[in-house]
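Each chain, letter by letter, is given below.
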Amino acid sequence: MTLNDTAKEQLGSRERAEAQASPRGRLEAALIDATRANQVATEKMDEVVGRALGINRTDARCLDVIDRAGQLSAGQLAEQASITTGAVTAVVDRLESKGFVCRVPDPKDRRRVLLEMTELARKRSWELYGPLGERGRQHLERCSEDELRLLIEFMRLGTELNEARAAEIRAELEAEQAGG
């Protein structure tokens with residue numbers, strides 16, 4: 001199927017235009033576009049929340065990782081946030097100085113320290129993200145349980161695909177650095 005130049009110009013690359021030639025292709029392209037736009041909007045939200053909290057993007061990402069985990073070690077934080085163990089020390093020091101994170105003894109191993117969010121961080125996060133959650137909840141209330149399961153599956157698949165591809169690219173970069 002050959003598309004005229006106007007269609008190519010409107011739809012983007014030739015491959016993308018050809019993929020969108022069918023109703024299914026247009027739906028898949030719309031889903032990809034919506035996902036990408038959501039990622040950009042999420043980045044904007046996270047950036048402005050970081051500014052409101054007085055922390056940088058890496059620190060904000062680490063605070064989110066800590067919040068989702070409840071408690072975790074500095075090594076686990078470094079792994080989950082994809083930062084070095086050296087960098088995690090500076091992140092934790094900055095978050096602790098802001099009153100957003102505290103170090104607590106690991107009840108299973110007294111030699112180890114775990115990180116957790118403080119009530120101040122939870123309060124400030126709720127002030128900033130709470131209205132977003134409330135607005136989203138209004139839309140989710142209209143979804144059936146099956147639709148919610150589909151949304152969860154889609155988000156988990158996206159996470160899995162992104163993490164796997166990021167690992168592949170990291171491995172390729174490391175191989176290039178080792179060989180070059």
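Preceding this section is the structure that the text describes.
This write-up is about the structure you can find in this document.

How each quantity is defined
- Residues numbered from 1 in each chain as written.
- Predicted model: local features only at pLDDT ≥ 70, side-chain atom pairs only at ≥ 80, totals over all residues.
- Heavy atoms only, no water.
- Helix = DSSP H or I, 4+ residues; strand = E, 2+ residues; numbered from the N terminus.
- Polar contact = N/O pair within 3.5 Å; in protein donor to acceptor, adjacent residues only side chain to side chain.
- Core = buried A, V, L, I, M, F, W, Y, C linked by side-chain atoms within 4.5 Å.
- Buried < 20%, exposed > 50% of the residue type's maximum accessible area, 1.4 Å probe, protein only.
- 1 Å grid on protein atoms, 1.4 Å probe; cavity = no way out; pocket = protein on both sides within 12 Å on 5 of 7 lines; lining within 4 Å.
- Points joined across faces, edges and corners; volume = space filled by probe spheres on them.
- Nonpolar A, V, L, I, M, F, W, Y, C, P; charged D, E, K, R; others polar.
- Axes fitted to C-alpha atoms, helices over the stretch in contact; angles between N-to-C directions.
- Parallel < 35°, antiparallel > 145°, perpendicular 65-115°, else oblique.
- Contact = heavy atoms within 4.5 Å.
- Pairing = 2+ DSSP bridges.

Topic: the side chain of Asp-106
Position of Asp-106 relative to the elements: it lies in strand S1 (residues 101-106). Within the structure, Asp-106 has its side chain in polar contact with the side chain of Arg-112 (distance 2.9 Å).

Digging into the nonpolar core
By size, the foremost hydrophobic cluster in this structure holds 22 residues, and its most contacted members are Leu-63, Leu-77 and Leu-95. Every element with two or more residues in this core is listed here: helix H3 (23-53), helix H4 (57-69), helix H5 (74-81), helix H6 (85-97) and strand S2 (109-117).

What about the layout of surface pockets?
The rolling of a water-molecule-sized probe over the atoms marks out the regions of remaining empty space. Roughly 2500 Å³ of internal volume is contained in the largest pocket. What lines the largest pocket is a set of 47 residues, and nearest its centre among them are Asn-38, Thr-42, Asp-46, Met-155 and Thr-159. At 15 residues, H3 tops the list of elements feeding residues into the lining of the largest pocket. Residue classes in the lining of the largest pocket are distributed as 21 nonpolar, 13 polar and 13 charged.

Here we look at the packing of H5 against H6
Close contact between H5 and H6 brings their axes to 9 Å; oriented N to C, the two are set at 110°. Taken as axis vectors, H5 and H6 run roughly perpendicular relative to one another. Where H5 approaches H6, its residues Ala-74, Leu-77 and Ala-78 are matched on the opposing element by Thr-85, Val-88 and Val-92. Counted by class, the contact of H5 with H6 contains five nonpolar, one polar and no charged residues.

What about the pairing of S1?
Relative to S2, S1 is paired through six bridges, and the arrangement is antiparallel. Looking at the pairing, Cys-102 lines up with Glu-116 of S2.

A word on the packing of H3 against H4
Where H3 contacts H4, the two axes come as close as 9 Å, and the packing angle between them is 100°. Considering their axes alone, H3 and H4 lie roughly perpendicular with respect to each other. In this structure, H3 uses Glu-43, Asp-46, Glu-47, Gly-50 and Leu-53 to contact H4, whose residues at the interface are Arg-57, Ala-60 and Leu-63. Considering only residue class, the contact of H3 with H4 consists of three nonpolar, one polar and four charged.

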